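# Descriptive analysis of the structure
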Amino acid sequence: MLTQLEQIEKAALDALKNVQDEASLEQWRIAHLGRSAPLMQVFDQLGKLSKEERPLIGRRANEVKRGLDNALAEQSEAMRQAALARTLTAERLDVTLPGRPIGRGRLHPSTQILRQIYRIFADMGFQIYRSREVESDEYNFEMLNIPAHHPARDMWDTFHTTAPGVLLRTHTSPGQIHVMREYYPQPIRVILPGMCFRYEQISARKETQFNQVEGLAVGHHITFGDLKGTLSDFARRMFGEQVRTRFRTSYFPFTEPSAEMDVECFLCGGKGCGVCSGTGWLEILGCGMVHPTVLRNGGYDPLKFSGFAFGMGPERIAMLRYKIEDIRYFWANDVRFLEQF
Amino acid sequence: MKVPISWLRDFVDITLPLDELAHRLTMAGLEVEEMTLVGLSIPSGPLGADGRGSLDTKISGLSWEADKIVVAAVSEVMPHPNADRLVLCKLYDGEREHIVLTGAPNLQHLKGTGPLPQPLKVPYARLGARIYDGHQPGQVLTTLKPAKIRGIESYSMICSEKELGISEEHDGIIILDDEAPVGLPLADYIGDAVFDIAILPSTARTASILGVAREVAAITGQPLRLMPGFFSYSAEGPSIEGKASIQITTPELNPRFVLGLIQDLKIGPSPYWMQRRLKLAGMRPINNLVDITNYVMLEIGQPLHAFDYDVLVQRAGGKAPTIITRTAEAGERLTTLDGVERTLNDFSVLVCDTAGALSIAGVMGGAESEVSDQTRNILLEGAAWNYINTRRTMGAQKLQSEAAYRFSRGVHPAMAERGVRRGLELMRLLGGGAICQGLVDHYPLPASDPKITLTPAEVERLLGVPVPVEQIVKILESLEFACQVTQTPEGASILVQTPDHRLDIGNDLIGKADLIEEIARIYGYDRIPETRMADALPPQRNNPSLEREERVRDLLVEMGLTEIVSYRLTHPDREARRVAPGTPPEDKPYLYLANPMASDRNVLRHSLLSSVLEAVERNIRLRPRLALFEIGPVFMSSEEGTLPDEMQRLAIVMTGERDLAGWQKADTEPMDFYDLKGVLEGLLSGMHLSALRIEAVEHPSFHPGKCARLWIGGQPLGVFGELHPLVSERYDFPAGAVLAAELDLTSLLALAPERYEMSSVPAFPPVLEDLAVVVDEIVPADRVAELIRQAGGRTVTEVRLFDVYRSEQLGTEKKSLAYSLAYQAPDRTLTDKDVAQVRQKIIRRLEQETGAKLRS
């Protein structure tokens, strides 16, 4: 009987070596571990054996069965692994083929620059105040210390409407008056973004409409030093931490003293290049201390309050940052331009 | 304003290198846009203390090499043996004698006259000198090389102005003054540089050499050199009394009028030094009389006008002329010096005599009383005009002149008398003649030069840096303000008297600000330290409308749309294309521009739909798929006031293939109504807007069967759909559906809730089930879904339409709608019995309300 068990085991294991696929594995299982398999017949005959023989043969038969069960499991696992390896090999891709195109949306470059300006000034406590694009002569000029026929009006070529005294704002500065009248007597720190208009022949450098971001700070102790500090902080965040600024005397009717802030050309590091016309400096914004007349028109007593104001062009900043050579791209809405941002 | 350095040196010593001076002027508000070298050199190499960042000024022009371009003397002009037009000059350059060949027409008359009695001083360029080519247009550099011209050796040259970069003139060589020292480098004799300075509206006082010299003096700490007696003259003629009189009718427009008279003047060319200065300053020399009026204007900033006195006497019928200043009568005409007959406005001021108008005050003279070569006696006008009115006249007449440039920015009345004095004396010196004693001076509205009290504390309050009283006084005095310091218990106080050459200083508080600006710019903006605001932070506020608008932008970009920004200006015809032809015009009138830049952009837009459709037109052939949006205002003329209503709108446009095709299979079917609706649903859910209603409507822009209005609550928010084929035809679109929406963004944002609640993620699994019902074709799908939700109550957590089916079996005018439903309870797993109950309720409700039949 023991010899028979040895033979059963050997025959089964030998047969297993030739098994290559799931079907023959199943056949093998039926043949060697199935109900009518020789091993099972040994179990069936156990009852006929003597008391002495039964435990011995029984133990051995169980050993053989365990061995065959394990062999079956091993073989099954090996075949699964081999099949998987075959599949993985067959599924190998050309990873250099292009990806599936995604119709990605984009924000207009002006929006992107505006948001960056908002963020930087928000961190300094400036909040956003918007006002209308079609304005009265009173708010666009007179309240800002620019009386009718004043030579300073030459600074703004204006689109007038056929309604008397109604014009397209030439700058966001009328917002200064709106915000002061609304917030008086609280201190003020706001930026005033928005579209402005100039009666100008359109060229690579000049547009009839453009965004402007005005800034206004009004308080009891605001100084020219604060103006310089705030705007230099802005320039360092917008153009690079190492960037230097300088303030040149300038003239705006609504500020005094007035200045132009230049930023050291961040493209050439101040050495002079095509973008800065060889000067090493880029004109970025106009600024100054709020003129007493303007403070007064806003409701603030210039003896008790002081303030500073500034104005910059997001499109100009975008042009410098992305080397955009023609301002006409901005409102032409050509997707070949817009898709680059 | 072009400022020759040599002229500037009449009034102030230049102690800084020219490039640094240009930088300092620029920083102080006199932007030197360009420096043109006319002989002088500037040190090369890096500029500024640290070698960077001070290159401000564009530098151009020619430096004359000291060893190659010198003063020389021509002692004889001889004929050229082989050419009639050329001459040979015997010339001494301080080292040796040369024979120099030239074709200069201004030497032809000396040809063959033998040794000259007085040698001619000329600029001489030696072999190897770099000069401009006289025969080429513009300024082309050339180096002198030996050549043989008509058989004669030539290696050097006597120069014209063009060759040296002084002017464009190449008609003859320069003849220098007799005193010119032979052998001296020409650069040391007449070498120059010209600053081109941009004059700000506030610095009209610097539109003169003297004005710039004042600034240079203040900036560099040098004294201004204005000789005592600079404005005096030597009058040897008879008294002016009885020879002319003045009547001013409107002193507000003409505060002062001064006349001087000079007799027996000889008109002729002005001396070379004056011509050269005028040319460098950008003016063309005419004759000594005209040149002197221009010279004085450039030098001190006071425009002058010269009348032919004899013409005026003739016009007055042989009597002494009376000059009258008055505003023009409506429709009055005058022919100005430029030959144009002008119809004048009633606000323009005229200078007249008893016979009529002579000139437009401060702007341009009339042709009739113009001086000529025969003029002997000159009545010289120096006046002050109201600058606002002058500017208004310039604008109305579209007339520019150097005089008007200055008068329209403000010239102090004190300068009128100084100008006449300076002009008369120069005329006497350069044209002979006798100046009549005295001036006729009417000054009905004397200038009140502001007196302002200023304290160092006020300066510090605005600038943020303490400036000692001594320094404030020094700065102000350097600009010719008179200062009187008083010590008070509160500190020093300065009484500042404005000098009588500037009109830009106000009174009181404004005057203080004006003075502080003067102090700051001379002190140096760069010396004021940067600080961070120490003031109280204002109340912090959100800006919900902007924040929500930005959220809308982000949501649309997330869904694959690209933002565009269009022109606010358009034309009614451009916008009319957005509706089918024959549709009646809108009820609201456009706001028209009075001065459009382009005829096709003459109104403010009414429609954002129109803007995005134009963008599609531009791009549709560039890409297989377009999905664009714009956020911005439209402008509706308001009935209440003159300012229009500005309404923030959102427009979306989509057209082309649904997916972008790559190398794999993609859904390249054209997008339809439901693609657009999907974007709108995504947007509205992103804004957490609920209580939406979509209603089929007809709209002149859209396909009558593919158009809907969006409602939230009781508020219509706009219309969307597929463009009407007749509208598509009006644009340059290829065939295919264009989907578009125009929404009232202001209302949409106002309706968006500030807060919303999340619902808890269910802990128990849902029972999923499909439900298909057959309804009449006219029953809207969202009505069915709504009824399912209502009947299902809180147990039905999801209702999703997944199939719409029509067939003959169902019957005509019938459709099957299949929904996938989720039943769920927050606290337990629902049993089949629970679900069956709810399902029954739903079916019953659908039957009752819509006649729906359950589809088996």
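Residues numbered from 1 in each chain as written. Chains lettered and ligands numbered in written order. Predicted model: local features only at pLDDT ≥ 70, side-chain atom pairs only at ≥ 80, totals over all residues. Heavy atoms only, no water.

### Focus: the overall build of chain B
When its secondary structure is counted, chain B shows 22 helices and 41 strands. In chain B, once contacts between residues fewer than 6 apart in sequence are set aside, the share between residues at least 24 apart is 69%. Carbon and sulfur atoms provide 50% of the accessible area of chain B, an area that totals close to 38,400 Å². Charged side chains in chain B number 89 positive and 117 negative. The centres of these two groups are separated by 3 Å. (Helix = DSSP H or I, 4+ residues; strand = E, 2+ residues; numbered from the N terminus. Contact = heavy atoms within 4.5 Å. Areas by Shrake-Rupley, 256 points an atom, 1.4 Å probe, with all protein chains shown as cover. Lys, Arg positive; Asp, Glu negative; His and termini not counted. Charge placed at Lys NZ, Arg CZ, Asp CG, Glu CD.)

### Section: the confidence of the model for chain A
In this model, chain A carries an average pLDDT of 93, and 100% of its residues clear a pLDDT of 70 or more. Confidence, read as mean pLDDT per element, is least for helix α3 (residues 38-45) of chain A in chain A (86) and greatest for strand β9 (residues 306-312) of chain A (98). (pLDDT = per-residue confidence, 0-100.)

### Remarks on the packing of helix α12 (residues 456-463) of chain B against helix α14 (residues 508-523) of chain B
Residue and element names in this part refer to chain B. Two elements in contact, α12 and α14, have axes whose closest approach is 10 Å; the angle formed by their N-to-C orientations is 75 degrees. What the angle tells us is that α12 and α14 run roughly perpendicular. Along the contact surface, α12 presents E458, V459, L462 and L463, while α14 presents K512, I516, I519 and A520. Taken together, the residues of the contact of α12 with α14 break down into six nonpolar, no polar and two charged. (Axes fitted to C-alpha atoms, helices over the stretch in contact; angles between N-to-C directions. Parallel < 35°, antiparallel > 145°, perpendicular 65-115°, else oblique. Nonpolar A, V, L, I, M, F, W, Y, C, P; charged D, E, K, R; others polar.)

### As for the pattern of salt bridges
Per the stated rule, a full pass over the model turns up 84 salt bridges over all chains. Between A:E77 and A:R80 there is a salt bridge; the shortest N-O distance is 3.5 Å. Here A:R80 and A:E77 lie together in helix α4 (residues 53-90), a separation of three residues that amounts to about one turn. Taking relative accessible area as the criterion, A:E77 reaches 37% and is therefore assigned partly exposed. Three or more residues are tied together by salt bridges with common partners; here these are A:R115, A:R130, B:E549, B:E550, B:R553, B:D554 and B:E563. (Salt bridge = Lys/Arg side-chain N within 4 Å of Asp/Glu carboxyl O. Buried < 20%, exposed > 50% of the residue type's maximum accessible area, 1.4 Å probe, protein only.)

### Focus on the domain arrangement of chain A
Partitioning chain A into domains gives domain 1 (2-90) and domain 2 (110-338). The centre of domain 1 of chain A, based on its C-alpha atoms, is set 89 Å off from the matching centre of domain 2 of chain A. (Domains from an automatic or database assignment.)

### Notes on the sheet that holds strand β26 (residues 451-454) of chain B
Residue and element names in this part refer to chain B. Taken in spatial order, the three strands line up as β26-β28-β27 in an open sheet, and their pairing is antiparallel. Each end of this open sheet is capped by a strand with a single partner; those strands are β26 and β27 (482-488). Taking the axes of each pair of neighbouring strands and ignoring which way they run, one obtains an average angle of 20 degrees across the sheet. Pairing analysis gives four bridges linking β26 to strand β28 (residues 491-497), with the strands arranged antiparallel. Counterpart to K451 in the pairing with β28 is Q497. Sheet contacts for α14: β26 and β28; angle to β26, the most-contacted strand, approximately 70 degrees. (Pairing = 2+ DSSP bridges.)

### A closer look at the sheet that holds strand β37 (residues 738-744) of chain B
All names here are of chain B. Here seven strands make up an open sheet; going across it, the order is β29-β32-β33-β37-β36-β35-β34 and the pairing mixed. Every other strand in the sheet has two partners, leaving β29 (562-563) and β34 (692-696) as the edge strands with one partner each. As defined by bridge partners, β34 adjoins strand β35 (residues 702-712) across five bridges and the pair is classed as antiparallel. Along β35, the bridge assignment pairs R693 with W711. Sitting on the sheet, helix α15 (residues 544-558) touches β29, β32 (625-636) and β33 (645-656), and the angle it makes with β32 is about 160 degrees.

### Brief notes about the layout of surface pockets
Residue and element names in this part refer to chain B. One number sums up the size of the second largest pocket: a volume of about 1,400 Å³. As for the second largest pocket, its lining consists of 35 residues, and the residues nearest its centre are K677, E681, I694, A781 and D782. The set of elements that each furnish at least two residues to the lining of the second largest pocket consists of α18 (673-686), β34, β35, β36 (715-723), α21 (781-792) and β39 (796-805). Ranked by the residues each element gives to the lining of the second largest pocket, the list is headed by α18, at eight residues. Its residues placed into classes, the lining of the second largest pocket shows 20 nonpolar, three polar and twelve charged. (1 Å grid on protein atoms, 1.4 Å probe; cavity = no way out; pocket = protein on both sides within 12 Å on 5 of 7 lines; lining within 4 Å. Points joined across faces, edges and corners; volume = space filled by probe spheres on them.)

### Focus: the nonpolar core
The biggest cluster of nonpolar side chains holds 199 residues, and the ones touching the most others in it are A:I117, A:F121, A:F310, B:L8 and B:F195. Here this core takes eight residues from helix α5 (residues 209-220) of chain B, the largest share from any one element. Not counting residues within four places of it along the chain, the set of residues in contact with B:L8 comprises B:V3, B:I14, B:I209, B:V212, B:A213 and B:V216. (Core = buried A, V, L, I, M, F, W, Y, C linked by side-chain atoms within 4.5 Å.)

### Re the interface of chain A and chain B
Contact with chain A, which involves 111 residues of that partner, is made by 94 residues of chain B. Across the chain A to chain B interface the summed buried area is about 8,900 Å²; carbon plus sulfur atoms make up 54%. Between the two partners, chain A and chain B, sit ten salt bridges. Note that B:E31 is salt-bridged to A:R248, the shortest N-O span being 3.9 Å. No other element matches the nine residues that helix α8 (residues 224-239) of chain A contributes to the side of chain A that touches chain B. (Buried area = accessible area lost by both parts, 1.4 Å probe.)

### Quick notes on helix α11 (residues 414-431) of chain B
Think of an α-helix as 3.6 residues a turn; residues three or four steps apart then line up on the same face. Residues and elements named next belong to chain B. Relative to the 26 Å expected for 18 residues at 1.5 Å per residue, α11 spans 26 Å between its end C-alpha atoms, a close match to the ideal helical length. The element α11 is largely enclosed, with a buried count of 13 among its 18 residues. Residue G432 follows α11 closely and has a positive phi angle near 70 degrees. (Expected span 1.5 Å × (residues − 1).)

### What to know about the confidence of the model for chain B
Residues and elements named next belong to chain B. Per-residue confidence for chain B averages 92 on the pLDDT scale, and 98% of its residues sit at or above 70. For the stretch residues 45-54, pLDDT sits under 50, and the model shows 17 contacts to residues farther than four places along the chain or on other chains. As scored by the predictor, the complex reaches a pTM of 0.87 and an ipTM of 0.88.

### Structural notes on the packing of helix α2 (residues 18-27) of chain B against α5(B)
Residue and element names in this part refer to chain B. Axis separation between α2 and α5 bottoms out at 10 Å; the angle between their running directions is 100 degrees. Looking at the two axes, α2 sits roughly perpendicular to α5. For the pair formed by α2 and α5, the contact residues are L21, R24 and L25 on the first element and E215, V216, I219 and T220 on the second. Of the residues that constitute the contact of α2 with α5, the class distribution is four nonpolar, one polar and two charged.

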